[in-house]
Amino acid sequence: MTEPKISSVYAEALFELACETDCLEDVSLDLISVTDIFEKNPEFLNLLSAPNLGKEEKIESLKKVFGDDEGILMNFLCLLTEKHRIGYISEICADFKKLYNKHKNIEEVTVTTSIPLDESERNRLIVKLQNKLGKRIKLIENVDPSIIGGVRLSYGDTLIDNSIVSRINSISKELKNNNI
């Protein structure tokens, strides 16, 4: 039997605690901010992971950045720091987000188009995806002119590539295989 990932164990513990204390929405929103802060300031994460800095100094640094609030998330960050697990924060946040989305029946779908979708296209796509997947859809939009046209959708382990560049590559490959 394989051991669960460290990040999933911590994410599950935080998720269960947030559900039990009826603050799942708050923790979820706060985690987005935490992730953003650590991503924009990797040196802060390095500081909290530094072996030559004492536990109290690390906790003080956390309080300066995130406030003195003794809430679930602050206590969680302190715990991660004390247990030398703060380096896993990005993975923990990603695993928490998966648990949250599953709990709320949300599917994150990334759509890539060559030009931005207009409002009616966006709404039609969301409705079609909701009907197909039976879930609420959180659409993440990317614009990539290199796909020339069409659309590329990805969610979970699924990739639907109906882009023009994909079709061109497919035809090119077929022609090469047929020595044409």
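This report concerns the structure included in the present document. Predicted model, so just to flag it, every value in this text is computed and none were measured. (Residues numbered from 1 in each chain as written. Predicted model: local features only at pLDDT ≥ 70, side-chain atom pairs only at ≥ 80, totals over all residues. Heavy atoms only, no water.)

Comments concerning the pairing of strand β4 (residues 158–163)
Just so we agree on the cut-off: In this analysis, strands are considered paired if DSSP registers two or more bridges between them. A run of DSSP states H or I qualifies as a helix once it reaches four residues; a run of E qualifies as a strand once it reaches two. Both are numbered from the N-terminal end.
Examined bridge by bridge, strand β3 (residues 150–155) and β4 share 6 bridges and lie antiparallel to one another. The partner of Y155 across the bridge, within β4, is T158. Here β3 folds back onto β4, and the loop between the two strands holds 2 residues, one of which, G156, carries a positive phi near 55 degrees.

Brief notes about a negative patch on the surface
Keep this limit in mind: The patch calculation keeps residues exceeding 30% relative accessible area without a salt bridge and links them within 9 Å when they carry like charges or within 5 Å when they are nonpolar (Val, Leu, Ile, Met, Phe, Trp, Tyr). Computed by Shrake-Rupley with a 1.4 Å probe, the accessible areas treat only the displayed protein chains as cover when residues are assessed. In the sections that follow, a salt bridge refers to a side-chain nitrogen of Lys or Arg positioned within 4 Å of a carboxyl oxygen of Asp or Glu. Neither His nor the chain termini are counted; the positive set is Lys and Arg, and the negative set is Asp and Glu. For this purpose, a charge sits on NZ of Lys, CZ of Arg, CG of Asp or CD of Glu. Here the term buried applies to any residue with accessible area under 20% of the maximum for its type, exposed to any over 50%, and partly exposed to those in between, with areas from a 1.4 Å probe on protein chains only.
Together, D26, D30, E60, D68 and D69 line one region of the surface with negative charge. As for its position among the elements, E60 is in helix α4 (residues 55–66). For E60, a relative accessible area of 42% puts it in the partly exposed group.

Quick look at the nonpolar core
Stated formally: The term nonpolar core refers to a set of buried residues drawn from Ala, Val, Leu, Ile, Met, Phe, Trp, Tyr and Cys, joined through side-chain atoms within 4.5 Å. Should any heavy atoms of two residues lie within 4.5 Å, those residues are counted as being in contact.
One finds F38, L62, I89 and F96 to be the most contacted residues of the largest nonpolar core, which totals 29 residues. Elements with a minimum of two residues in this core: α1 (6–20), α2 (24–40), α3 (42–49), α4, α5 (72–82) and α6 (89–103). Broken down by element, the residue count for this core peaks at 6 residues, all from α5. In contact with F96, not counting residues within four places along its chain, are A11, L14, F15, L24, V27, S28 and L31. One finds V111, I126, L139 and Y155 within the second-largest nonpolar core, a separate group that totals 10 residues.

Considering the environment of L99
With respect to the helices and strands, the residue L99 is situated in helix α6. Looking at L99, the relative accessible area reads 27%, which means it is partly exposed. Between the C-alpha atoms of L99 and E16, which are 83 residues apart in sequence, the distance is 9.7 Å. Beyond its immediate sequence surroundings of up to four residues, L99 is in contact with A11, E12 and F15.

Description of the layout of surface pockets
Empty space among the atoms becomes visible once a probe the size of a water molecule is rolled across them. Let me state the cut-off plainly: The distinction between a cavity and a pocket rests on a 1 Å grid over the protein atoms alone: a 1.4 Å probe fits inside a cavity but cannot get out, while a pocket stays open yet meets protein on both sides within 12 Å along at least five of seven lines, and a residue with an atom within 4 Å of a point counts as lining. Grid points are joined across faces, edges and corners, and a volume is the space filled by probe spheres set on the points. Residues are sorted three ways: Asp, Glu, Lys and Arg are charged, Ala, Val, Leu, Ile, Met, Phe, Trp, Tyr, Cys and Pro are nonpolar, and all the rest, Gly among them, are polar.
Here the largest pocket defines a volume of roughly 380 Å³. When contributions to the lining of the largest pocket are tallied by element, the ones reaching two or more residues are α2, α6 and β1 (106–113). If you tally residues by element for the lining of the largest pocket, the top one is α2, at 8 residues. Of the residues contributing to the lining of the largest pocket, the split by class is 8 nonpolar, 4 polar and 6 charged. Counted as a void, the second largest pocket has a volume near 280 Å³. Lining of the second largest pocket is provided by A94, K97, K98, N101, K102, I106, E107, E108, K135, Y155 and G156. Elements represented by at least two residues in the lining of the second largest pocket include exactly α6 and β1. Ranked by the residues each element gives to the lining of the second largest pocket, the list is headed by α6, at 5 residues.

What about the sheet that holds strand β2 (residues 136–143)?
The test is simple: Think of each axis as a best-fit line through the C-alpha atoms, taken over the contacting stretch in the case of a helix, with angles from 0 to 180 degrees between the N-to-C directions.
With respect to topology, 4 strands assemble into an open sheet ordered β2-β1-β3-β4, the strand pairing being mixed. In the strand order of this sheet, the two ends are held by β2 and β4, each with one partner. Each strand of the sheet is rotated relative to its neighbour by a mean of 20 degrees, with strand direction disregarded. In this fold helix α7 (residues 119–133) packs onto β1, β2 and β3, with an angle of close to 135 degrees to the strand it touches most, β2. Lying on the sheet, helix α8 (residues 164–177) is in contact with β3 and β4; it crosses β4 at an angle near 85 degrees.

Comments concerning the packing of aromatic side chains
Rule in force here: Two rings from Phe, Tyr or Trp (for Trp, the six-membered ring) form a pair when their centres sit within 6.5 Å of each other. Planes less than 30 degrees apart are called stacked, planes more than 60 degrees apart edge-to-face, and all others tilted.
All told, the structure shown has 5 aromatic pairs when counted by the stated rule. Where F15 meets F96, the ring centres are 5.7 Å apart and the plane angle is 65 degrees; that geometry is what we call edge-to-face. Of the two residues, F15 sits in helix α1 while F96 sits in helix α6, which places them 81 residues apart along the sequence. Judged by its relative accessible area of 11%, F15 falls in the buried class. A residue is classified by how much of its surface remains accessible, and F96, at 2% relative accessible area, is buried. Between the aromatic rings of F38 and F66, the centroid separation amounts to 5.9 Å while the plane-to-plane angle is 50 degrees, which identifies the pairing as tilted. With F38 in helix α2 and F66 in helix α4, the pair connects residues that are 28 residues apart, well separated along the chain. Overall, the relative accessible area of 23% leaves F66 in the partly exposed class. Put simply, the rings of F38, F44 and F66 touch in pairs and so form one group of aromatic residues.

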